[in-house]
Amino acid sequence: MSAPQAFDVVVIGGGAAGLFCAFTAGRRGRRVAVLDHADKLGKKILISGGGRCNFTNRDASPANYLSANPHFCRSALARYTPADFISLVESHGIAYHEKKLGQLFCDGSAKEILALLLRECAEAQVEIVCGAAINSVQREPVSDGRFIIASSRGEFSAASVVVATGGLSIPTIGATDLGYRLATQFGLRLVATTPGLVPFTLPPSAGVADLSGLSADTVVRAGAAEFREHILFTHAGLSGPAILQASSYWQPGETVEIDLLPEHDLPQLVSEAKRAGVKTMVSTLLSEHLPKRLVARFCERHGDEPVAQLPTAVVTALADGFHRWQVRPAGTEGYRKAEVTRGGVDTRDLSSQTMAARDVPGLHFIGEVVDVTGWLGGYNFQWAWASGHAAGSAA
């Protein structure tokens, strides 16, 4: 049997975090290999942001991340900022724009971000091995301390191993639980994983299945969080940016509150119509601010009458229905539709400075596999860059 190929650092996983970590280490003169089980790298990068890659958020801060330890991400985010990645993007001549709320997208294609990462890896002389399914990762006796990684493409040895395998979201493009199994094997704890940034399913009794395709500007509240964004009615329930954001704060059995008229005060609209002597129906008034099919569904259930004849109690009920619509999701659409995985490797077992396992020198975990989950809007990419930079600067 031939001897394992020897490297200073082996990165398991060739996604955003893994590639960034690899060239960061390579720039330091480390001999680096990236092993990925897929035949091509960066599939999740390529589908992100509708194919344009929301590669960071200009306003990213620790407040935009969820974790059992909300302070863990501070160090990495402070040492590699959105401005740092923007500078890298600009150095590669990639045109970009801010869509809204600090979200930065390529003008062209997500392929440009993947090309940037691969170019940086090439310049840092990183060896990339695709189609390398990992069979095992073992650590040699303490006297040696190197890791032996057995794969379908042969054996590799390294002083440091960085696990950048991602989470369970979108299994159709290759998501696996490898990172969690490796963490458990080496004695690290896990925070229970759940789908994050994921659409809700609603029970048939919600009566909204035939509203599929409708969108509305809303404020959605779940737990202590609230988000002002659009929602989208689907055949299964509710999606859209506001719902995806809220899903990360929702617990099964809880209700979600939705304000369907965040720009207006419904009692005031009714009062103004009454004072103006306008002879209009509730459906007509509401249709000036909401999709007509949504208003029609409401009126089917609750009736339609002239605004001028509405008693105070009915106006109050209307306001509750539209400003504080209570939704109790049946569940979510699961990892199949989730953009990220919540939970993961417990940060209590990692160094926030280096992303290294406290009790296993040379073993690092970065990106989505760690219990740090960003909001929708470029925050998870920024965590990939920041955590990859932290590990790549130390491995």
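Below: a short report on this structure. Keep in mind that this is a model prediction, so the values were computed, not measured.

**Brief notes about the packing of helix H1 (residues 16-27) against helix H5 (residues 111-123)**
- Interhelical geometry of H1 versus H5 gives an angle of 30 degrees and a closest axis separation of 8 Å. With respect to H5, the axis of H1 lies roughly parallel. Regarding H1 and H5, the two cross each other, and that crossing is left-handed. Contacts between H1 and H5 involve Ala 16, Leu 19, Phe 20, Ala 22, Phe 23 and Arg 27 from the former and Leu 114, Leu 117, Leu 118, Glu 120 and Cys 121 from the latter.
- Along the lines of polarity and charge, the residues of the contact of H1 with H5 split into nine nonpolar, no polar and two charged.

**Describing the packing of aromatic side chains**
- Summed over the entire model, instances satisfying the criterion amount to 18 aromatic pairs.
- For the ring pair Phe 55 and Phe 85, a centre distance of 5.9 Å and an interplane angle of 50 degrees mean the geometry is tilted. Taken together, the positions of Phe 55 in strand S3 (residues 54-57) and Phe 85 in helix H4 (residues 82-91) put the pair 30 residues apart, joining distant regions of the chain.
- The class for Phe 85 is buried, based on a relative accessible area of 0%.
- Ring geometry for Phe 200 against Trp 250: centres 5.2 Å apart, planes inclined by 65 degrees, an arrangement best described as edge-to-face. Of the two residues, Phe 200 is situated in strand S12 (residues 200-201) and Trp 250 in the loop between helix H7 (241-247) and strand S16 (256-259); the sequence distance between them amounts to 50 residues.
- Judged by its relative accessible area of 9%, Trp 250 is buried.
- An aromatic cluster is present here, built from Phe 20, Phe 23, Phe 55, Tyr 80, Phe 85, Tyr 96, Phe 381 and Trp 385 joined pairwise through their rings.
- Here Arg 31 stacks its cationic end above the ring of Phe 7, 4.2 Å away from the centre of that ring.

How each quantity is defined
- Residues numbered from 1 in each chain as written.
- Predicted model: local features only at pLDDT ≥ 70, side-chain atom pairs only at ≥ 80, totals over all residues.
- Heavy atoms only, no water.
- Axes fitted to C-alpha atoms, helices over the stretch in contact; angles between N-to-C directions.
- Helix = DSSP H or I, 4+ residues; strand = E, 2+ residues; numbered from the N terminus.
- Parallel < 35°, antiparallel > 145°, perpendicular 65-115°, else oblique.
- Left-handed = near helix turned anticlockwise from the far one by under 90°.
- Contact = heavy atoms within 4.5 Å.
- Nonpolar A, V, L, I, M, F, W, Y, C, P; charged D, E, K, R; others polar.
- Phe/Tyr/Trp six-rings, centres within 6.5 Å; stacked < 30°, edge-to-face > 60°.
- Buried < 20%, exposed > 50% of the residue type's maximum accessible area, 1.4 Å probe, protein only.
- Lys NZ or Arg CZ within 6 Å of the ring centre and 35° of its normal.

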